[in-house]
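Breakdown of the fold
Spelled out from the first residue to the last, the chains are:
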Amino acid sequence: MTRLYPFLLALLVSTSLFAQTQKRPLNASDYDRWQAVRSEKISDDGRWVAYQVDPQEGDGRLEVVSNSPTGTPTRYVFQRGYMAQFTPDSKFLVMRLKVPLADTRKAKLKKKKPDEMPKDSMLALNLATGKTTKLPNVKSFSFGKEAGSWLAVLQTSQDEKEKGAAKTPAQSKSDTLTPTPAVSTTTVATRKGPIKKIKGDNMTLLNLADGTRKTVRYVSNMVMSDNGKAVFYSRESANDSLKAGTNAIPGVFLFNTENGQVSLVDTSSTRKIYKGLAIDKTGQKMAWMASADSAGSDVKVFSLYYKNRLPVTPAKGKRAKATAPESPFTIIADTTTAALPKGWSVNEFREPKFADDGSRLYFSTSPIPPKPTKDTLTPDDEKVKMDIWTWTDSRLQPMQQKRLKEEKERGFLAVYDLKSGKIIPLANREIPTVAFDPEVTTRYVLGLSDLPYQVQSSWDPGHTDLYLIDSQTGDKKRIARDVMASQPKLSPGGQYAYWFDEADSLWRAWDVAAGKHIDLTRGLPSKFFDEEHDTPSLPGSYGSAGWTTGDRYVWIYDRYDIWQIDPTGKEKPVNLTAGWGRKNNVRLRRAELDDDNTRGRLSTEKAIDPKAALFLTGIWESDKSTGILKSTNGRSALAPTVLKQSNHRYSGLSKAKNAPTMTFYRGNFQEPINLFITDTTLANPKQLTKANPQQDSIRWGSVELVKWTGTNGTKLEGLLYKPEGFDPTKKYPMLTYFYERNVETLNDYRAPAPSRSTINIPYCVSNGYLVFVPDIVYTVGQPGPDAYDCIVPGVLSLLDRGFVDRNRLGIQGQSWGGYQTAFIITRTNLFRAAEAGAPVANMTSAYGGIRGETGMVRQFQYEKTQSRIGGTLWEKPMNYIENSPLFYADRVETPLLIMSNDADGAVPHQQGIELFTGLRRLNKPVWMVVYNGEAHNLTGRHNAKDLSIRMYQFFDYYLKDAPEPVWMKDGRSAVEKDRGEMKYGVSDK
């Protein structure tokens with residue numbers, strides 16, 4: 001053994017070296033197959049987990065795994081599966097099967113129309129037996145959220161050759177349901193004349209429990225009650241083309257899943273369009289919209305109908321019949337409804353919605369628009385096409401154009417009280433936005449109006465008025481005037497409206513019962529505004545966790561901890577996490593485990609049960625590690641217990657509804673993001689997935705946190721990505737990429753992908769580059785110099801470490817980073833090559849320009865937000881000039897590649913042109929790539945692949961002495977573009 005030891009050691013070393021030499025760098029062909037694990041679902045009983053594993057391009061798969069504490073888990077794999085949902089009883093999994101990518105591409109090559117493209121399928125899996133049921137040509141599916149075994153599936157009709165008279169269900173085997181008449185005064189008319197093709201889709205009703213299947217044809221819309229007992233659906237008219245017959249009439253119908261019967265709810269020869277179906281949780285109450293206007297009408301006027309399936313209540317003194325008839329339907333709102341303004345009707349673009357308790361029906365109203373004027377006597381080329389801009393316009397014309405569809409379809413919320421039969425308008429022209437949550441039924445709702453401040457929003461956005469609106473009377477009370485209110489909401493019980501007031505950095509509430517304001521955080525020994533805020537605007541908040549049951553307390557975040565505040569003031573505020581977060585520099589946030597949580601909505605929110613265990617996520621500021629923590633008590637101050645903490649990114653913590661099963665994602669730069677399963681102790685998590693096993697054969701790299709001091713003395717941090725097998729005695733080329741602050745992404749996984757605007761860090765590191773990502777700290781009025789003062793000292797600090805090649809430095813940025821790249825190369829020749837994506841070159845010309853994606857003028861950006869000038873062009877003209885790269889273009893010595901797309905909606909394409917033409921005039925080496933019809937960041941994957949090729953060719957030429965590509969040497973003429981010549985090849989020089 002002693003003699004063999006050196007031999008074995010040498011063998012192991014050589015084997016290790018051999019294995020290492022087998023690794024190769026990333027290349028463009030690797031992008032498509034790189035996978036992401038996503039869209040995990042846990043069955044309510046915690047016994048099953050489903051998730052997708054999808055490549056960046058190509059066919060993915062859906063995996064379903066049993067949660068088996070012991071033994072080998074059961075695993076099902078479905079190619080192209082996605083959008084999976086477990087049924088409430090946890091017995092079935094229903095999913096869509098995506099069309100194979102190859103089939104979609106073939107159809108595109110054949111220039112198929114959208115309705116001719118291949119369609120998805122639906123698959124239902126019996127989790128106990130593994131048996132599957134599949135349906136083709138699926139548009140959507142639905143099942144009861146809370147109970148039931150029936151599945152309703154809309155399938156695109158494939159009867160493309162249907163001509164002549166439409167078959168009635170009696171003539172067609174595919175339509176097996178025969179409706180019974182409803183109690184109503186409607187009539188069914190015989191329709192004469194030429195027969196046209198009937199619109200609508202096929203609806204298959206499938207009982208997952210016993211396999212029973214029924215089909216209905218010509219269905220346009222469907223909804224299912226949460227208890228799974230009723231399917232409410234509409235059938236199309238088809239422009240008076242249907243023959244008489246109760247089985248083929250248009251209207252709305254109800255399928256009772258308990259007895260398998262269909263009842264006709266409403267039909268009439270005077271109603272041609274049915275839409276906006278709504279059904280309550282019990283399946284007893286229904287609402288729908290209908291119009292007498294045809295689908296092709298320029299203006300369609302809708303009425304709102306309602307029906308309660310419960311029996312008619314007999315008059316007092318009369319004996320109830322043994323089988324009382326159902327209540328007839330009623331018209332809730334139409335053009336004659338007194339509660340609506342004259343000339344208003346039901347808005348067709350907003351579907352009605354029942355409150356969860358069935359006591360209310362929310363719907364929208366709007367003015368009936370006048371019929372459009374049609375000039376049929378003037379040729380199109382002679383018609384006047386123009387806009388009129390006035391200084392009194394509340395919104396600029398481009399913004400109006402961007403919001404044209406939104407404004408034409410705008411609805412104003414109203415509520416119908418089912419008990420009293422009253423309609424209460426909640427929103428109006430003065431208060432157009434009203435937030436409501438159908439899951440709760442509070443008396444008051446919250447209204448918002450920015451109308452008085454729309455003109456000034458061009459340079460000072462965010463001002464609004466807040467209103468409390470009584471849903472029983474419609475009375476409106478303004479509770480805040482001209483506030484910069486972050487996250488205005490109602491408490492779950494409706495006792496308080498609350499928001500963060502940016503003007504004085506306070507959380508405030510409105511006590512509904514007392515009718516007064518409450519300063520929730522005044523006097524607390526903590527800061528509730530963003531302490532790192534560095535623009536000339538007011539800082540926002542760290543947010544809130546929500547309210548406890550009964551509106552007893554509100555939980556509010558400071559930078560590190562959670563504060564519990566009694567809005568009545570009877571109890572002193574309590575730091576629920578006992579200051580543990582601030583003491584340890586850990587940012588703690590409540591983990592919201594419920595998929596149905598209403599976070600982010602301008603409405604009420606779900607109450608927190610303070611008796612339940614409190615799960616937290618944490619970010620350790622010192623080393624940027626993350627973790628999961630837990631507190632057993634959500635009622636008093638208690639330091640949390642760390643369950644997981646490591647140099648990874650933990651995310652997506654979820655829990656089964658009725659079991660302790662939990663899942664979470666974990667990954668870091670070197671480990672792909674994978675899904676883990678555990679229980680509420682998080683003691684023994686099991687890894688469910690192994691994404692991207694091919695990474696083991698790829699040269700990867702590592703990342704470390706680096707620190708330095710900026711020119712102005714600011715302590716700074718950044719990230720340094722290093723190639724695998726990094727040797728500190730060697731010299732490496734280095735690319736510097738930046739965008740404000742990125743240091744907290746230290747433990748983020750970065751997948752290889754084609755560039756939509758920025759360098760791909762794994763690709764660059766795999767191909768021998770160091771990549772430096774510095775943070776930037778800003779002051780007001782000098783964004784360009786601030787970037788220089790942070791970035792250049794960071795690069796110099798790395799040069800001092802000896803492993804960076806001073807003559808092979810590149811710099812790259814996009815948008816705000818593109819502007820700063822352009823600025824920095826006017827101040828230093830440190831970099832040998834630079835790429836600037838969508839750069840602003842001239843702040844003076846950009847200041848008054850329009851953001852194409854929103855129609856907003858750019859003034860607010862320069863005065864208040866990212867550009868950080870802090871004043872108008874006429875107040876601070878020199879700041880605009882001194883921070884504009886164009887005015888110092890003659891100082892540029894660094895070869896520059898620009899990306900400036902002609903459909904960029906954020907930075908005007910003209911900015912790229914100004915910079916390019918200026919450098920060209922000065923005979924500076926400059927190139928500009930323009931992707932036709934593309935946005936700020938490339939949306940087309942094919943374009944992203946092209947940019948990746950050209951950007952890396954550019955940097956490799958200057959920083960790695962690679963051959964010069966033909967497009968850099970000779971450009972690409974319009975004629976060559978027309979011939980489709982890409983010119984990726986190498987120059988012959």
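Before any of the text, the structure's been laid out above.
Reading the values: the criteria
- Residues numbered from 1 in each chain as written.
- Predicted model: local features only at pLDDT ≥ 70, side-chain atom pairs only at ≥ 80, totals over all residues.
- Heavy atoms only, no water.
- Buried < 20%, exposed > 50% of the residue type's maximum accessible area, 1.4 Å probe, protein only.
- Helix = DSSP H or I, 4+ residues; strand = E, 2+ residues; numbered from the N terminus.
- Pairing = 2+ DSSP bridges.
- 1 Å grid on protein atoms, 1.4 Å probe; cavity = no way out; pocket = protein on both sides within 12 Å on 5 of 7 lines; lining within 4 Å.
- Points joined across faces, edges and corners; volume = space filled by probe spheres on them.
- Nonpolar A, V, L, I, M, F, W, Y, C, P; charged D, E, K, R; others polar.
- Expected span 1.5 Å × (residues − 1).
- Contact = heavy atoms within 4.5 Å.
- Axes fitted to C-alpha atoms, helices over the stretch in contact; angles between N-to-C directions.
- Parallel < 35°, antiparallel > 145°, perpendicular 65-115°, else oblique.

1. What to know about the pairing of strand β49 (residues 804–814)
Across the 11 residues that make up β49, a large majority, eight, are buried. With five bridges joining them, strand β47 (residues 732–737) and β49 adopt parallel strand pairing. Pairing of L735 across the sheet is with G810, part of β49. Pairing between β49 and strand β50 (residues 833–837): five bridges, direction parallel. Paired with Q812 across the bridge in β50 is E835.

2. Things to note about the layout of surface pockets
Space inside the second largest pocket adds up to approximately 1,600 Å³. Lining the second largest pocket are 50 residues, with R403, E406, E407, K408 and R410 sitting closest to its centre. When residues of the lining of the second largest pocket are traced back to their parent elements, those giving at least two are β21 (344–346), β23 (360–367), α3 (397–402), α4 (404–408), β27 (444–449), β28 (463–470) and β29 (476–490). Of the residues that constitute the lining of the second largest pocket, the class distribution is 22 nonpolar, 14 polar and 14 charged.

3. Some thoughts on helix α13 (residues 941–959)
The end-to-end C-alpha separation of α13 is 26 Å, in line with the 27 Å expected for 19 residues at 1.5 Å each. The buried count for α13 comes to 15 of 19 residues, which makes it a mostly enclosed element.

4. Notes on the pairing of strand β46 (residues 715–723)
Within β46, seven of the nine residues are buried, leaving the element largely enclosed by the surrounding structure. As paired strands, strand β45 (residues 701–709) and β46 are joined by nine bridges and run antiparallel to one another. Note on β46: the bridge partner recorded for K707 is E717. As consecutive antiparallel partners, β45 and β46 are separated by five residues, and within that stretch G713 has a phi angle of approximately 90 degrees, a positive value. Of the pairings in the sheet, the one linking β46 to strand β48 (residues 770–774) comprises four bridges and is antiparallel in character.

5. Looking at the environment of G540
Mapped onto the elements, G540 comes out in the loop between β32 (516–519) and β33 (544–547). In sequence terms G540 and M484 are 56 residues apart; their C-alpha atoms lie 9.2 Å from each other. Not counting the four nearest positions on each side in its chain, G540 is found in contact with F500, E502, F528, F529 and D530.

6. Describing the packing of helix α7 (residues 783–799) against helix α8 (residues 816–824)
Where α7 meets α8, the axes come as close as 9 Å, and the angle between the chain directions of the two elements is 80 degrees. When the axis of α7 is compared with that of α8, the two are roughly perpendicular. Mapping the contact onto sequence places P783, G784, P785, A787, Y788, I791 and V792 in α7 and W816, Y819, Q820, F823 and I824 in α8. Among the residues making up the contact of α7 with α8, the classes are represented as 10 nonpolar, two polar and no charged.

7. Looking at the sheet that holds strand β42 (residues 662–667)
Spatially, four strands are ordered β41-β42-β43-β44 in an open sheet, and the strand pairing comes out antiparallel. If you trace the sheet from one side to the other, it starts and ends with β41 (649–655) and β44 (686–687), each paired once. Where β42 meets strand β43 (residues 674–678), five bridges bridge the pair, whose relative direction is antiparallel. By the bridge assignment, M662 is partnered in β43 with T678.

8. A look at the sheet that holds β32
Taking strand neighbours across the sheet as the criterion, the seven strands line up as β26-β27-β28-β29-β30-β31-β32 in an open arrangement whose pairing is antiparallel. Where the open sheet ends on each side, the last strands, each with one partner, are β26 (433–435) and β32. Pairwise comparison of adjacent strand axes, ignoring direction, gives a mean angle of 40 degrees for this sheet. Relative to β27, β26 is paired through three bridges, and the arrangement is antiparallel. Note on β27: the bridge partner recorded for A435 is L446.

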